[in-house]
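# Analysis of the macromolecular model
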Amino acid sequence: MKQQLDRSIVGADMFEKIAGHEQVVFCNDPASGLQAIIAIHNTTLGPALGGTRMRPYETVDEALEDVLRLSKGMTYKCAAADLDFGGGKAVIIGDPNTDKSAALFRAFGQYVDSLNGRFYTGTDMGTTMDDFVHAMKETNFINGIPEAFGGSGDSSIPTAQGVIYGLKATSQFLNGSDHLADKTYSIQGLGKVGFKVAEYLLEAGASIYVTDINQDLLRSIEQKANQTTGTVKVVDSADIYRVAADIFIPCALGGIINDQTADQLQVKAIVGSANNQLLEAKHGRRLHEKGVLYAPDYIVNAGGLIQVADELYGPNKDRVLAKTKAIYTSLLEIYKEAELDSITTEEAADRKCEARLQEQRTRSHFYARDRRPKWNIRE
Ligand code: NAD
């Protein structure tokens, strides 16, 4: 019988904490100061894929919680975008402003390489491609590479394109037409993604309300509007939730649908790129009760991820845009299923992802790959 493990040795219920994850790797390199955690959540669909975040976490527990949550999210994101990748993520414990060095990222690259293709990674909050240029000296399992290094470049282009497909699908579901021109939109954040979406809507002749804490971006979008048939109105950051527009497009921060804002919203739908827009699942249910159609963020903002995954087949912008178009069909299916079964769109999206994972498990079994042990040692 298996010996009962004294759990105090590995810390309180560590295995319970990582239950649901395939593998968690603690990387410790005193010479470079690297302390990192790589979490591989699920590789049913293919090797794990997910960025590497660097943050001055106050405790190892905090870093572990973050990497476990984010890597699980990647399994769903990859499944939803129909990618042959699983979910993974890495966190480096340290201050991105003071603790970076070439040695640290080379050491991290060695750890990634040691996983021998089970985990592909690239930039996330707190890391840049300049950091990964060092990691790339140690491993080939890096993606989201700049064009100058043979990669696919700026991922905000397909992400913005995905938001536009999301807006079209939403319009189709609500109005029976995917024309965007004759509607009003409120956009939070005019950064790399939000600005491109705003430009597209103005060129289509739509009316948009915008907010950003960066005044230069607000001036730029006003100048852009003057060259189009669309109109723009700038509103204060706090007022964006109260704008009576058709669709709210969050492209700045997470957690913006919360107890306070859910009741302020006067829109018919929410479709944006920001990650983790719902502070908690209950806020998705609140929107559902209010009759506000919510496009799950991880479905809408998958364009960048699609590009990063596609890069492994060689950069090709047309192929990426063609794959990104699937967001339109996927979102429509989710809306219809949520309506049919009276569930939230988040629940319908999660269900779709779980079904894809289940289907893949069945398929592997059906094809009955050679499952003999690799080492055929005679007794
Ligand atoms: P970005 O940093 O370029 O833009 C964010 C913008 O939001 C900035 O202009 C910033 O000034 C503004 N902002 C910050 N706080 C604000 C506030 N309180 N009110 C109004 N505006 C505020 O980021 P991005 O690349 O455009 O991404 C936007 C969102 O989409 C982020 O949540 C990001 O995580 C998510 N996302 C981006 C991509 C991508 O490919 N870039 C992919 C998936 C998800």
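Look up: the structure comes first, before these words.
First, a word on what this report is: a plain description of the structure on this page. Counting restarts for each chain: residues are numbered from 1 in the order of the written sequence. The model is predicted, so local features are restricted to residues of pLDDT at least 70 and side-chain atom pairs to those at 80 or more, both for listing and for counting; the totals for chains, interfaces and linings are taken over all residues. Only hydrogens and water are set aside; all other atoms, that is, all heavy atoms of the structure, feed into the side-chain values.

### Re unusual backbone geometry
The cut-off we apply is this: Think of it this way: any DSSP run of H or I at least four residues long counts as a helix, any run of E at least two long counts as a strand, and we number them from the N terminus.
Positioned with a positive phi, Asp-82 is a non-glycine residue whose angle comes to about 60°. When you line up the elements, Asp-82 lands in the loop between helix H2 (60-80) and strand S5 (86-93). One non-glycine residue, Asn-276, adopts positive backbone phi at about 50°. Within the secondary structure, Asn-276 sits in the loop between strand S11 (269-270) and helix H9 (281-290).

### Examining the site of the ligand
This is how the line gets drawn: Neighbouring residues are identified by heavy atoms, a residue being near a molecule or strand if any of them is within 4 Å of it. Pairs of N or O atoms are called polar contacts if they sit within 3.5 Å, as long as, within protein, a hydrogen donor faces a hydrogen acceptor (for residues adjacent in sequence, only side-chain-to-side-chain pairs). In short, Shrake-Rupley with a 1.4 Å probe defines the accessible areas, and a residue's cover is counted only from the protein chains shown. Residues are sorted three ways: Asp, Glu, Lys and Arg are charged, Ala, Val, Leu, Ile, Met, Phe, Trp, Tyr, Cys and Pro are nonpolar, and all the rest, Gly among them, are polar.
In the vicinity of the ligand lie 19 residues, with Thr-159, Lys-192, Val-193, Asp-212 and Ser-273 positioned nearest. At 2.7 Å from an oxygen atom of the ligand is found a side-chain nitrogen or oxygen belonging to Thr-159. In the environment of the ligand, an oxygen atom lies 3.0 Å from a nitrogen or oxygen atom belonging to the backbone of Lys-192. Look at the ligand: alone it shows 830 Å² of surface, and the protein chains cover 74% of it. Class assignment of the residues belonging to the shell around the ligand gives a composition of eight nonpolar, nine polar and two charged.

### Concerning the packing of helix H5 (residues 156-175) against helix H12 (residues 317-324)
Relative orientation and spacing of two packed helices are given, respectively, by the angle between their axes and the distance between those axes. Heads up, the condition is: Convention adopted: a line fitted to C-alpha atoms gives each axis, helices being fitted over their contacting stretch, and angles between N-to-C directions are expressed from 0 to 180 degrees. Angle categories: roughly parallel below 35 degrees, roughly antiparallel above 145, roughly perpendicular from 65 to 115, and oblique for all the rest. Crossing handedness follows the turn of the near helix against the far one: under a right angle anticlockwise gives a left-handed crossing, and clockwise gives a right-handed one. What makes two residues a contact is simply this: any of their non-hydrogen atoms within 4.5 Å.
The interhelical angle for the contact between H5 and H12, taken along N-to-C directions, is 30°, at an axis separation of 9 Å. Between H5 and H12, the angle is such that the two are roughly parallel. Classified by chirality, the crossing of H12 by H5 is right-handed. Of the residues in H12, those in contact with Pro-158, Gln-161, Gly-162 and Tyr-165 of H5 are Val-320, Leu-321 and Thr-324. Here the residues of the contact of H5 with H12 are counted per class, giving four nonpolar, three polar and no charged.

### A word on the sheet that holds strand S8 (residues 207-211)
Applicable threshold: One bridge is not enough; two strands pair if DSSP finds at least two bridges between them.
Taken together, the six strands give an open sheet; going across it, the order is S9-S8-S7-S10-S11-S12, and neighbouring strands pair in parallel fashion. With one partner strand each, in any of the chains shown, strand S9 (231-234) and strand S12 (293-294) form the two edges of the open sheet. As defined by bridge partners, strand S10 (residues 247-250) adjoins S11 across two bridges and the pair is classed as parallel. For Phe-248, the partnering residue across the bridge sits in S11 and is Ile-270.

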